[in-house]
Amino acid sequence: MGNKLKIAGWITVGAMAGALTTVSLQTAARSSFAPLPLEELQQLAAVFGMVKSDYVEPVDEKKLITEAISGMVASLDPHSQYFDKKSFKEFSEGTSGKFVGVGIEISQEDGLVKVVSPIEGSPADRAGLKTNDLITKIDDTFVKGLSLNEAVKRMRGEPNTKVLLMIFRKEENRTFPVTIVREEIKTQSVKAKVIEPGFGWIRVSQFQERTVEDFSRKLEEMYKQDPQIKGLVLDLRNDPGGLLDAAVALSAAFLPENVTVVSTNGQLDESKFIYKASPQFWRRNASNDPIARLTQATQGAFKKVPLVVLVNEGSASASEIVAGALQDHKRATLMGSQTFGKGSVQTVRQLGPDTALKITTARYYTPNGRSIQAKGIVPDVMVDETENGSPFAVLRTREADLEKHLGNGKEAEKKDADREKAREEALKKLEEESKKPVAERRPPEFGSAKDFQLNQALNQLKGKPVLISKTLAERKEEKKVK
């Protein structure tokens with residue numbers, strides 16, 4: 001096992017933007033390569049030469065090669081990717097939970113950037129930004145017309161540099177400028193609270209480097225507040241994934257020691273591996289094991305407390321691993337809707353000091369051997385998002401909807417006529433909803449008193465009737481017609 005872990009290095013899992021990943025710090029020996037296709041390589045060289053000599057304008061040779069590499073890798077599946085200097089830096093920031101910026105959680109409203117909440121202790125928090133503030137201008141650039149990603153990039157930058165934000169505060173009906181000095185921000189991926197005596201809620205929004213520490217600390221605080229905990233809701237809705245060792249650790253917080261959490265299988269020997277609920281699979285140094293500390297501090301309370309896990313179409317990779325492990329070991333009741341289905345492993349191999357290749361090398365399997373890829377995890381109890389159902393769930397993209405997605409080892413999906421019809425109907429409803437005032441169409445916040453799925457999870461823990469969905473059903477993989 002030790003040799004395999006040395007080769008594997010740093011492992012992460014996630015959904016869309018390069019989340020589920022293994023960073024290999026050394027290149028394993030490859031002795032079984034087939035001979036290189038010389039004729040095709042000669043064609044590639046010939047095309048490169050023609051573009052360089054014949055194209056209407058001079059071309060950048062390095063850019064041509066970079067684009068050729070990017071295109072080759074992107075043709076494999078939606079998660080394989082070539083990282084140039086800029087994208088590799090952004091990827092590293094995403095898994096570390098650290099970035100340089102102003103420190104706000106944001107969304108978009110009427111083409112403007114809306115402050116969901118300032119991160120506690122951040123420059124934005126100290127500058128007095130409030131929930132529901134609208135950012136209309138970033139330095140000299142008007143926000144209207146910018147994508148959310150473009151707005152984020154403009155607010156991020158180098159440490160100790162300034163950014164000028166123009167703020168519109170609805171409740172005071174005024175617009176005013178705020179100058180903020182950027183600094184390194186550490187995001188918090190875990191929220192928790194005692195909802196009512198005996199029942200707790202803990203939400204993990206992404207599996208990052210600090211997640212295990214924060215998760216353990218929050219549960220310790222919850223136990224101190226209410227040692228007679230009768231039930232817990234683990235909320236993994238819209239969690240896109242993150243670090244694999246964090247997913248293994250969180251699973252182990254609730255499971256017996258040394259049981260299987262997840263396994264991987266691929267062509268390479270290093271891709272065939274089993275991860276267990278044992279400290280060597282998550283502990284980064286001998287002196288710090290948050291899970292062991294949690295178990296000791298709570299007298300093992302969370303190893304046996306009744307547990308409900310909430311998932312939905314946005315729960316992917318690391319969150320699917322946790323959900324699948326707890327479901328297979330019959331440790332928790334899963335509630336919500338079928339998960340995203342991101343069950344492939346990507347290995348990031350460093351090509352240079354600041355470039356890398358992220359390539360799919362294996363599939364993930366639950367302890368019972370179920371493939372997560374393009375299938376996801378099906379809850380034990382299907383529950384709608386609201387008391388009025390889940391009218392827009394069919395519009396959400398899952399792994400199986402992505403072009404060139406990897407199958408689960410069988411055959412890929414075909415278009416489902418009934419689902420396409422349901423999508424058309426949902427689009428019509430969405431158009432009608434968009435005409436309503438923003439306040440009326442905003443969904444309840446996760447963890448709030450109006451969170452319908454959370455309330456059903458509490459009913460499950462208390463032995464009360466649960467309003468099971470009448471419309472949600474498992475989305476099965478359909479075979480291609482040959």
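The rules behind these values
- Residues numbered from 1 in each chain as written.
- Predicted model: local features only at pLDDT ≥ 70, side-chain atom pairs only at ≥ 80, totals over all residues.
- Heavy atoms only, no water.
- Buried < 20%, exposed > 50% of the residue type's maximum accessible area, 1.4 Å probe, protein only.
- Helix = DSSP H or I, 4+ residues; strand = E, 2+ residues; numbered from the N terminus.
- pLDDT = per-residue confidence, 0-100.
- Contact = heavy atoms within 4.5 Å.
- Core = buried A, V, L, I, M, F, W, Y, C linked by side-chain atoms within 4.5 Å.
- Phe/Tyr/Trp six-rings, centres within 6.5 Å; stacked < 30°, edge-to-face > 60°.
- Lys NZ or Arg CZ within 6 Å of the ring centre and 35° of its normal.

A. View of unusual backbone geometry. In the Ramachandran plot, Asp139 falls in the positive-phi region, its phi being about 55° despite a non-glycine side chain. A residue is classified by how much of its surface remains accessible, and Asp139, at 33% relative accessible area, is partly exposed. Of note, Ser317 is a non-glycine position whose phi angle comes to about 50°, a positive value. With respect to the element layout, Ser317 can be found in the loop between strand E18 (307–311) and helix H11 (318–328). In this structure Ser317 comes out as buried when scored by relative accessible area, which is 1%.

B. Summary view of the confidence of the model for the protein chain. Looking at the protein chain, pLDDT values average 85 and 84% of them are 70 or higher. Low pLDDT, under 50, characterises residues 1–32; the predicted model gives this stretch 92 contacts beyond four residues in sequence or across chains.

C. Focus on the nonpolar core. With 53 residues, the main nonpolar core has Phe215, Leu234 and Phe254 as its most contacted residues. Setting aside residues no more than four positions away along its own chain, Phe215 makes contact with Val190, Ile202, Val204, Leu234, Leu250, Ala253 and Phe254. Among the nonpolar cores identified, the runner-up in size contains 17 residues, and Val102, Val115, Ala124 and Leu129 belong to it.

D. Region of interest: the packing of aromatic side chains. Under the criterion given, the structure shown has 5 aromatic pairs. Ring centres of Phe273 and Tyr275 lie 4.7 Å apart, and the angle between their planes is 70°; this geometry places the pair in the edge-to-face category. Judged on exposure class, the residue Phe273 and its partner Tyr275 are both buried. Through a chain of ring-to-ring contacts, three or more aromatic side chains come together here, namely Phe273, Tyr275 and Phe281. The lysine or arginine in question, Arg156, covers the ring of Phe99, its NZ or CZ lying 4.0 Å from the ring centre. Between Arg237 and the ring centre of Phe446, over which it is positioned, the NZ or CZ distance is 4.0 Å.

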